[in-house]
Amino acid sequence: MPRICFEDLEEGTVDTFGPRAITREEIIAYASEYDPQPMHLDEEAARHTMLGGLAASGWHTCSFLMRMMYDGYLKDSSAAGSPGVEETRWLKPVRPGTQLTLRRSILDKRVSRSRPGFGVVRFRWELLDEAGVTLTEVTCPILFGLREGGGQ
Amino acid sequence: MTPFDEIAIGDRRELGRYTFTAEDIKRFAQRYDPQPFHLDEEAAAGSIYGGLIASGWHTASVFMKLSVEDRVRMTAEMLARGEKPVMSGPSPGFRNLRWIKPVYAGDTLTYTMEIVGKRELASRPGWGIVFARNTAVNQNGGLVFEFEGSFFVARRTTSSS
């Protein structure tokens, strides 16, 4: 039985995970493969873009957030994927070297009618910089197995 | 890419195709989303998905990859016609992203972008924002992925200056 199941995630709670630095090397590595635009690849070229300097791809930021989530609480949980993302706001550029903190708010939760043994937990995740400013905000439900009579 | 002024609601572009191999799915998962159903065939077979599937962020990342490749193609086509391409900017975010069906190892997705809205940016002269419905269908024609995206695009440059 995983340590964290549907029952353990409490509506209204707020927790933080990290911080973890996002490096220049990983920003460029992700961008080279998935989002090769100058603003994500090259400092000099990025200076002349709307972002005014090198910044992580928004999709990289989401993937980075996913990994912080996995290491923070999904690793030993009954998580079983997600139907989608309600909204993602890329509010401010994520610069190389920023120490990112993941703030998790549990908005609400319900037992699934269509999938017996599972429940849906709705999260808001924010990635904050060292000053506590929100850079990216994601609202997303995740499916979790129930501890009692739960799926895996 | 095409300047803001020439982008029309209803414009559709097929962005490209991508085959998700098991190796590729696991490589992405190892780095960003190491849940068992993205990483391990045996564990995935016992999950609700019944087999190895791509991380949803992998499906989304490939959208971006094909989208950038399409903009590069679009820019080359414009230059060949003697037109003036403009810069595309970043995106402020997206809404209603749905991972409708799992993307299994070996699946080939075809991604398409359709323009659904646009407006000038009062706060940033010379730029507009464009809204698009982005989708991906698998080799069986089933819709597997969609979201409402947005991005900034520069307006047409005036040749008089």
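This section reports on the structure supplied with the text. Every chain is numbered on its own, with residues counted from 1 as its sequence reads. A letter from A marks each chain and a number from 1 marks each ligand, given out in the order of writing. Per-residue local features are limited, in this predicted model, to residues with pLDDT of at least 70; the limit for side-chain atom pairs, both in listing and counting, is 80 or more; totals at the level of whole chains, interfaces and linings are taken over all residues.

## Here we look at the overall build of chain A
And step 1. Only DSSP runs of H or I covering at least 4 residues are called helices, and only runs of E covering at least 2 are called strands; the numbering of each starts at the N terminus. Regarding its fold elements, chain A presents four helices and five strands.
And step 2. Reading chain A from its N end, one meets helices and strands in the order β-α-α-α-α-β-β-β-β.
And step 3. Here the C-alpha coordinates of chain A stretch approximately 55 × 30 × 25 Å along the principal axes.
And step 4. The burial label depends on the number of other C-beta atoms within 10 Å of a residue's C-beta. Counts of 20 or more mean buried, 12 or fewer mean exposed, and intermediate counts mean partly exposed, with C-beta atoms placed from the backbone. Within chain A, the proportion of its 152 residues that are buried is 36%.
And step 5. Contact between residues is assigned whenever the C-beta positions, reconstructed from backbone atoms, fall within 7 Å. A fraction of 71% describes how many contacts in chain A between residues 6 or more apart in sequence connect residues 24 or more apart.

## Let's talk about helix α1 (residues 24–34) of chain A
And step 1. Turning to α1(A), its buried residues number three or more, namely A:Ile27, A:Tyr30, A:Ala31 and A:Tyr34. Viewed end-on, α1(A) has its buried residues packed into an arc of 95°, placing them on one side of the element. Projecting away from the buried face of α1(A) at angles above 90 degrees are the exposed residues A:Glu25 and A:Ser32.
And step 2. Residues of α1(A) that are buried make contact with α2 (38–41) and α4 (58–74) of chain A together with α4 (56–80) of chain B. Arc, as used here, means the arc of the directions from the helix axis to the C-beta atoms.

## Concerning the pairing of strand β5 (residues 134–145) of chain A
Residues and elements named next belong to chain A.
And step 1. One bridge is not enough; two strands pair if DSSP finds at least two bridges between them. By the bridge criterion, four bridges tie strand β2 (residues 84–90) to β5 in an arrangement that is antiparallel. Among the inter-strand pairings, Trp90 is bridged to a residue of β5, identified as Thr136.
And step 2. Adjacent in sequence and paired antiparallel, strand β4 (residues 118–128) and β5 are bridged by five residues, among which Gly132 carries a positive phi angle near 85°.

## Let's talk about the nonpolar core
And step 1. Counting residues in hydrophobic clusters, the biggest one holds 69 residues, and the most contacted among them are A:Leu65, A:Met69, A:Leu102, A:Phe144 and B:Phe63.
And step 2. Here this core takes eight residues from α4(A), the largest share from any one element.
And step 3. When sequence neighbours within four positions are dropped, the list of residues in contact with A:Phe144 reads A:Cys5, A:Phe6, A:Leu9, A:Ser77, A:Ser78, A:Ala79, A:Ala80, A:Phe118, A:Gly119 and A:Val121. Take the buried Ala, Val, Leu, Ile, Met, Phe, Trp, Tyr and Cys residues, join any whose C-beta atoms are within 7 Å, and the set you get is a nonpolar core.

## Focus: the interface of chain B and chain A
And step 1. Taken together, the contact pairs 25 residues of chain B with 30 residues of chain A.
And step 2. Elements supplying a minimum of two residues to the side of chain B that touches chain A: α4 and β2 (93–99) of chain B.
And step 3. Considering only residue class, the side of chain B that touches chain A consists of 13 nonpolar, eight polar and four charged.
And step 4. Summarising the sheet, β2(A) and β2(B) pair through five bridges and their orientation is antiparallel. Paired with A:Glu87 across the two strands is B:Arg95, which belongs to β2(B). Each residue is assigned to one class: nonpolar for Ala, Val, Leu, Ile, Met, Phe, Trp, Tyr, Cys and Pro, charged for Asp, Glu, Lys and Arg, and polar for all the others, Gly among them.

## Quick notes on the environment of B:Asp5
And step 1. Looking at where B:Asp5 falls in the secondary structure, it is placed in the segment before β1 (12–19).
And step 2. Look past the residues within four positions of B:Asp5 in its chain and what remains in contact with it is B:Arg155 and B:Arg156.

## Comments concerning the packing of α4(A) against α4(B)
And step 1. Running from N to C, α4(A) and α4(B) cross one another at 165°; their axes reach a closest spacing of 10 Å. It follows from the interaxial angle that α4(A) and α4(B) lie roughly antiparallel. The interaxial crossing formed by α4(A) with α4(B) has left-handed handedness. On α4(B), the residues that touch A:Trp59, A:Cys62, A:Ser63 and A:Met66 of α4(A) are B:Trp57, B:Ala60, B:Ser61 and B:Met64.
And step 2. Residues of the contact of α4(A) with α4(B), tallied by class, amount to six nonpolar, two polar and no charged. Between N-to-C directions, angles cover 0 to 180 degrees, with each direction set by a line fitted to C-alpha atoms, over the stretch in contact for helices. Roughly parallel covers angles under 35 degrees, roughly antiparallel covers those over 145, roughly perpendicular covers 65 to 115, and oblique covers all other angles. Helix crossings are classified by the rotation of the near helix relative to the far one: an anticlockwise turn of less than a right angle makes the crossing left-handed, while a clockwise turn makes it right-handed.

## Regarding the sheet that holds strand β3 (residues 99–111) of chain A
And step 1. In spatial order, the strands read β1(A)-β3(A)-β4(A)-β5(A)-β2(A)-β2(B)-β5(B)-β4(B)-β3(B)-β1(B); together these ten strands make up an open sheet with antiparallel pairing. Every interior strand has two partners, whereas the edge strands, β1 (14–21) of chain A together with β1 of chain B, have only one. Averaged over all neighbouring strand pairs, the angle between strand axes comes to 20°, with direction disregarded.
And step 2. Two elements, strand β4 (residues 127–137) of chain B and strand β5 (residues 143–154) of chain B, share eleven bridges in a ladder whose sense is antiparallel. Residue pairing for β5(B): B:Asn134 is matched across the bridge by B:Phe147.
And step 3. Of the strands in this sheet, β1, β2, β3 (108–120), β4 and β5 of chain B touch α4(B), which is tilted by about 125° from β1(B).

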